[in-house]
Amino acid sequence: MDDDWAVPADDLTPAQRAAVEHFEGPLLVLAGPGSGKTRVITRRIARLIERGVRPWEILAITFTNKAAREMAERVQSLLPGSRIWVSTFHRFCSRILRERGAAVGLQPNFSIFDTGDQQQLIKQVLHDLDFDASHFPPGKLLHRISQAKNELLTPENYALRYGEGIGTHLEAVVAKIYPLYQKRLLEANAVDFDDLLVHVAILLNDNDGLRNELDERYRFILVDEYQDTNKAQYQIVAALSQIQPNLCATGDPDQSIYGWRGARIENILRFEQDFPEVKSIRLEDNFRSTPEILKTADALIANNIHRKAKRLQTGNASGEPVEMRLYRDGQDEATGIANEIRALVEAGERQWKDFAVFYRVNSLSRTLETAFARLKIPFQVAGGVAFFERMEVKDLLSYLRLIENPLDRIAFLRVVNTPTRGIGKSSLERLTRWAASTGTSLLDAARQPGQVPDLPKKAAVQLRAFASLIDEFTDLMIGSRNSPRDEESLLDHEDVEELSEEGHAAVGLIERLLRAILQRTGYASQFTDDRDEVALARLSNIEELVSAARLYDVQESATEGGPTLTGFLETASLAQDIDSLDEATGAVTLMTLHAAKGLEFPVVYIIAVEQNLIPHERSLRENDPRQLEEERRLLFVGITRAEEKLVLTHTQRREMHGRSLSTIPSDFMHELIVTRKDHTGVDEFQFGDDTSSEFHDPDHDSIDQSSDLHHSEPAYERYPSVSDFSQKRKKTKGSLGIPGLEGLNLTTGAALQAGTNDAVELPKGFSVGMQVRHPRYGLGTVVDVSGMSRRRTLTVEFEVGDRRESFVESKCPLQPVGLR
DNA sequence: TAGGTGATTGTTTTT
DNA sequence: CAATCACCTA
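Keep in mind that what you see is a predicted model, and the values were worked out from it rather than measured. (Residues numbered from 1 in each chain as written. Chains lettered and ligands numbered in written order. Predicted model: local features only at pLDDT ≥ 70, side-chain atom pairs only at ≥ 80, totals over all residues. Heavy atoms only, no water.)

Novice: Teacher, can you tell me more about helix α25 (residues 533-557) here?
Specialist: At 3.6 residues per turn, the α-helix brings residues three or four places apart onto the same side. The end-to-end C-alpha distance of α25 is 36 Å, a good match for the 36 Å that 25 residues give at a rise of 1.5 Å each. Taken together, the buried positions of α25 are E533, A535, L539, N541, I542, L545, V546, A549, Y552 and D553. (Helix = DSSP H or I, 4+ residues; strand = E, 2+ residues; numbered from the N terminus. Expected span 1.5 Å × (residues − 1). Buried < 20%, exposed > 50% of the residue type's maximum accessible area, 1.4 Å probe, protein only.)

Here it is in structure tokens:
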């Protein structure tokens, strides 16, 4: 959707123009998919500025960082020099809290705890309260606490509502855990994701002065994706729109897909009651998709009962029918899609970046990734194992966190013995206990280990050394801040040389700090000894983190505040999966349906349209029609991302947790207007040499069973039996335990998995000289085999890049080439 | 104390 | 199949 800013307002529809031109007072824009909502918002902001509103009086909230960045750029390019602040709710709240958090007990350098940090913290709390973590899974407790926070329930109020004897057993436990959890967060000068919103909501609620000040300051507020705001976000927006009710909410109830994390679709539905003076505008013309795609989207969403009916119309030219394909299994599905994409690109019809593949759960990306890699198709994956959550990245970030916020006990415990310094579990236990009893922070306790009873001498020495190390880093940070161009004594020769080779670019604050940490802790050398895949991946992640730091340094040095540790850590904490996506990159995009919101692609595949995935098993459990409707909306969002071509797929069998299970078609299948194609009779090649022209176009063999299967059966009467999942698992489990099989190395673990119910497959039996293929490194030759049994190790020389790698046979993703 | 092993466990989606 | 965890040994 390219905006042509040169054209004034005559490229807008009447409805769009009305939204752009509306000046003061509340405005609700109900925007169907592809109706030019983003363009309306940017235009509107520009128009406000034209009318004399100061850029800093405008607050624009988007759903993603990426959208925020793009929106700021668009406004900038429309009205050069007008910098407006666009951000996500979480980022906005974080900024408020850095400035005004004292009232809720936060210092400006507070840490933001991610899910992993929360888990650690809740485990400590359970430990301290003598609860058994195995009986009260931390994840469940955290979920409850999160729900409570989303409802703005403080620990006290939660206890009042759900305390002993009032709620369920679990709730009673949460009522005990939650207060201490919250106390520990504040003691660590930290917040979790929910707190960012909750603290601000409470701040605004309790502090009229602050509320009025900010209300006046943000005269015009625009909130996108309003259908996905939760109670806290609602309250924040409402609090800032009292004196100046110039609130513009945009969104689409049919695209509300975050109910599970507290989003309230009602917020948008009742906007008109909340702001009686509201001007409401509906954008119903779709400029994105073909009529075929729109028709199937409309047919699907029409099955939602709790919904305001809406027209979806387009003047776009007719295109291909929407396809519903059946494959045999996930492998075939992935290979089939990969082959088709490759063929279309090679025929010159499409570019790689025209394609996107969506799936319901992240785990479905793996098969796709492997197939794409094998067929040498460039692709990018949104999310998956997020970069900032990788172990080595988190370790290094934890050093930074501890430097920034010495009270951050989670960060302390993470790095105090990383890399190992001989500070063991029991020493830390003693340290922690003493610190708690004296009210000392862990880092301060480590500075005076002599005070801690029963601490082994070695541990005491090491703790003191660790504390001085952190002090060193802190000095470095302060020093750098004051004189960023000083020569760094902590940098070793290599770094200095590297620097001078790169010219005179001064190393920025964060990069300098990271390099110092790496150098002084020897962190990276843990991985430099090994030459295995994992170690290499870790090293490259470290590299990537340093690059990210450098990028941040460079970008921020242009701003008034310059780079700060807080800023960098915040960027890392609030990073989103899709931030890293790059439209310009010539690659196919893989992502979850949730991540797809707000995006568009010429060709879209949605895979695994199967019962228990779409709709997801967990949304069927409680037999709650509202949850089912959210699943339907999720599929609706996916479908409406497609511009020209849409292919939905499902399979007969699907691998889950290493088991192959037969699938049930999605209930939504019958609600869609699609052309069905059967690809199960087709032999998709698996290990073929892809230099040959063995490509098999499935379409030529496929049977067009029927077109337009549009049943009108209501879906809600046919909930599936979910239980057979676990039953099947138990049944097959026993057959795997064939005694001695693995020890004799008759076969690999992977082959065993594949051949469970039928005959055990032949062993892979790699031998020297054999041609093999690796999903990432490509073709290679086995040059050495050593070790026995499960230690059996292969060394492979790859054709590309002079690469030589070793793998443990039972674990490596190598495939023999030329075997069937 | 560290590192490895075996066993058990789980599990949507994300800030 | 992972990731995590409790336990075991050097």
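This is not the end of the story, as more comes after the structure.
Novice: What is the right way to read the state of the cysteines from this model?
Specialist: Here a disulfide denotes a covalent bond joining the sulfur atom of one cysteine to the sulfur atom of another. Scanning the entire structure with this criterion turns up zero disulfides. Left without a disulfide partner, C248 is nearest to the cysteine sulfur of C93, which lies 19 Å away. You can call C248 buried: its relative accessible area is 2%. (Disulfide = S-S within 2.5 Å.)

Novice: I tried to follow unusual backbone geometry on my own but got confused; where do I start?
Specialist: Glycine aside, residues mostly have negative phi angles, and peptide bonds mostly take the trans form. Note that the residue after T418, namely P419, is joined by a cis bond; omega there is -5°. Here the bond from I614 into P615 is cis, since omega is 0°, no more than 30 degrees from zero. With respect to the helices, strands and loops of the structure, P615 is situated in the loop between β15 (601-606) and α27 (617-621). Even without being glycine, N189 reaches a positive phi, approximately 50°. Its location among the elements puts N189 in the loop between α8 (169-187) and β5 (190-192). For N189, a relative accessible area of 1% corresponds to the buried category. Of note, E225 is a non-glycine position whose phi angle comes to about 50°, a positive value. Of note, E225 is situated in the loop between β6 (220-223) and α11 (231-239).

Novice: Can you walk me through the sheet that holds strand β1 (residues 27-31) in this structure?
Specialist: As a general point, the strands of a sheet are linked pairwise by backbone hydrogen bonds and lie either parallel or antiparallel. Taken together, the six strands give an open sheet; going across it, the order is β3-β2-β6-β7-β1-β8, and neighbouring strands pair in parallel fashion. In this open sheet, the two strands that pair with only one neighbour each are β3 (85-88) and β8 (279-283). On average, each strand axis in the sheet is tilted by 15° relative to the strand beside it, whichever way the strands run. Relative to β6, strand β2 (residues 58-62) runs parallel, the two being bridged by four bridges. Within the sheet, the bridge partner assigned to L59 lies in β6 and is I221. Contacts from helix α3 (residues 65-78) reach β2 and β3 within the one sheet, and its direction differs from that of β3 by about 170°. Helix α4 (residues 89-100) rests against β2, β3 and β6 of the sheet, and its axis sits at about 110° to β3. (Pairing = 2+ DSSP bridges. Axes fitted to C-alpha atoms, helices over the stretch in contact; angles between N-to-C directions. Contact = heavy atoms within 4.5 Å.)

Novice: Quick question: what am I supposed to make of the layout of surface pockets here?
Specialist: Space left empty within the atom packing is revealed by a probe, the size of a water molecule, rolled over the atoms. The computed volume of the second largest pocket comes to approximately 1000 Å³. What lines the second largest pocket is a set of 32 residues, among which Q124, R409, L413, T432 and L442 lie closest to the centre. Residue contributions to the lining of the second largest pocket peak at seven residues, all from helix α19 (residues 425-438). When its residues are assigned to classes, the lining of the second largest pocket shows 10 nonpolar, 11 polar and 11 charged. (1 Å grid on protein atoms, 1.4 Å probe; cavity = no way out; pocket = protein on both sides within 12 Å on 5 of 7 lines; lining within 4 Å. Points joined across faces, edges and corners; volume = space filled by probe spheres on them. Nonpolar A, V, L, I, M, F, W, Y, C, P; charged D, E, K, R; others polar.)

Novice: I'm lost on the nonpolar core in this one. Help?
Specialist: For soluble globular proteins, the rule of thumb is that nonpolar side chains tend to be buried together. Judged by nonpolar contacts, the single largest core of 53 residues is most densely connected at L400, F412, F466 and F473. Counting only elements with at least two residues in this core, the list comes to α17 (391-404), α18 (409-415), α19, α20 (442-447), α21 (457-482), α23 (509-521), α25 and α26 (565-573). Counting residues per element, this core draws most heavily on α21, which supplies 10 residues. In this structure F473 touches Y399, I403, L513, A516, I517, R520 and T521, once residues within four positions along its chain are discounted. Grouped together as the second largest cluster of nonpolar side chains are 41 residues, V104, A201, Y234 and L240 included. (Core = buried A, V, L, I, M, F, W, Y, C linked by side-chain atoms within 4.5 Å.)

Novice: For this particular structure, what's the right way to read the packing of helix α9 (residues 193-206) against α11?
Specialist: Relative orientation and spacing of two packed helices are given, respectively, by the angle between their axes and the distance between those axes. At a minimum axis separation of 9 Å, α9 and α11 run at an interaxial angle of 35°. Crossing angle aside, the handedness with which α9 passes α11 is left-handed. Seen from α9, the contacting residues are L197, V200, A201 and L204; seen from α11, they are A232, Q233, I236 and A239. Considering only residue class, the contact of α9 with α11 consists of seven nonpolar, one polar and no charged. (Left-handed = near helix turned anticlockwise from the far one by under 90°.)

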